[in-house]
Structures are given as C-alpha cells and as structure tokens.
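The residues making up each chain are set out below.
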Amino acid sequence: VSKDTDFMESYLLTGAPPLLLISTGNISNIDLEQLVRSNMVAIETAFAENQLVEITREALVIHE
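Residue numbers restart at each chain and count upward from 1, following the sequence in its written direction. In view of the model being predicted, local features appear only for residues whose pLDDT reaches at least 70, and side-chain atom pairs are presented and counted only at 80 or more, with totals across whole chains, interfaces and linings using the full set of residues. To obtain the side-chain values, all non-hydrogen atoms of the structure were included, while hydrogens and water were left out.

1. Re the sheet that holds strand β3 (residues 60-63)
No. 1: The strand order β1-β2-β3 describes an open sheet built from three strands, whose pairing is mixed. Each of the sheet's edge strands pairs with one partner strand only, and the pair in question is β1 (19-22) and β3. With strand direction ignored, the average angle separating the axes of adjacent strands in the sheet is 20 degrees.
No. 2: Two strands pair when backbone bridges link them, and strand β2 (residues 52-55) and β3 are joined in this way by four bridges, in the antiparallel orientation. Its bridge partner being in β3, Leu-52 is matched across the sheet by His-63. Here, strands pair whenever DSSP counts at least two bridges between them. Numbered from the N terminus, helices here are DSSP runs of H or I no shorter than four residues, and strands are runs of E no shorter than two. Note on geometry: axes are C-alpha line fits, over the in-contact stretch for helices, and angles between N-to-C directions span 0 to 180 degrees.

2. Considering the nonpolar core
No. 1: The biggest cluster of nonpolar side chains holds ten residues, and these are Leu-20, Ile-22, Ile-27, Leu-32, Leu-35, Val-36, Ile-43, Ala-46, Val-53 and Ile-55.
No. 2: Here the element with the most residues in this core is helix α2 (residues 29-38); it accounts for three residues.
No. 3: Any two residues whose heavy atoms approach within 4.5 Å are treated as being in contact. Setting aside residues no more than four positions away along its own chain, Val-53 makes contact with Leu-19, Leu-20, Leu-21, Ala-46, Phe-47, Leu-60 and Val-61.
No. 4: In plain words, nonpolar cores are sets of buried Ala, Val, Leu, Ile, Met, Phe, Trp, Tyr and Cys residues tied together by side-chain atoms within 4.5 Å. A 1.4 Å probe rolled over the protein chains alone gives each residue an accessible area, and that area as a share of the maximum for its type sets the label: buried under 20%, exposed over 50%, partly exposed in between. Grouped together as the second largest cluster of nonpolar side chains are five residues, Tyr-11, Leu-19, Leu-21 and Leu-52 included.

3. Let's talk about the pattern of salt bridges
No. 1: Salt bridge criterion: a side-chain nitrogen from Lys or Arg within 4 Å of a carboxyl oxygen from Asp or Glu. On inspection of all chains with the given rule, the structure shows one salt bridge.
No. 2: A salt bridge links Glu-33 to Arg-37, with the nearest nitrogen and oxygen atoms 2.9 Å apart. With Glu-33 and Arg-37 both in helix α2 and four residues apart, the pair spans about one turn of that helix.
No. 3: Since its relative accessible area comes to 42%, Glu-33 is described here as partly exposed.

Dropping the structure here:
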C-alpha cells in the first residue's frame with residue numbers, strides 16, 4: 001500500500017510486488033481509513049485476480 005509514485009514506477013518495471021496505490025491527494029488519516037474500510041471487500045476482490053489496484057476518492061481502478 002502506498003501513496004508514493006516511486007512504488008508505482010517500481011511495479012511497472014518489475015511487475016511485483018502487488019500494489020494498492022492510493023491516489024487521493026491530500027486526505028486526513030480518518031478519511032483515508034474510512035475510504036479503505038468502505039472499499040475493503042472490493043479491494044480484496046480486485047486483488048484476487050489483479051496485481052495493481054488504485055483507489056481514488058471516487059473509484060476503485062483495476063489496472064490489468
């Protein structure tokens with residue numbers, strides 16, 4: 001799990017490890033925790049078949 005784009009670049013170069021990229025911009029820890037908790041089932045489902053998942057304030061993006 002990272003908000004750091006360096007991990008995204010590393011993932012794109014190596015294909016590992018699986019990555020949950022958080023693309024929310026500035027967000028409070030409380031709001032971030034609520035966002036992740038409210039999307040946990042969808043995140044787990046996405047990782048069942050994918051290695052790169054991105055969460056924004058508006059959507060869960062699955063990168064294939």
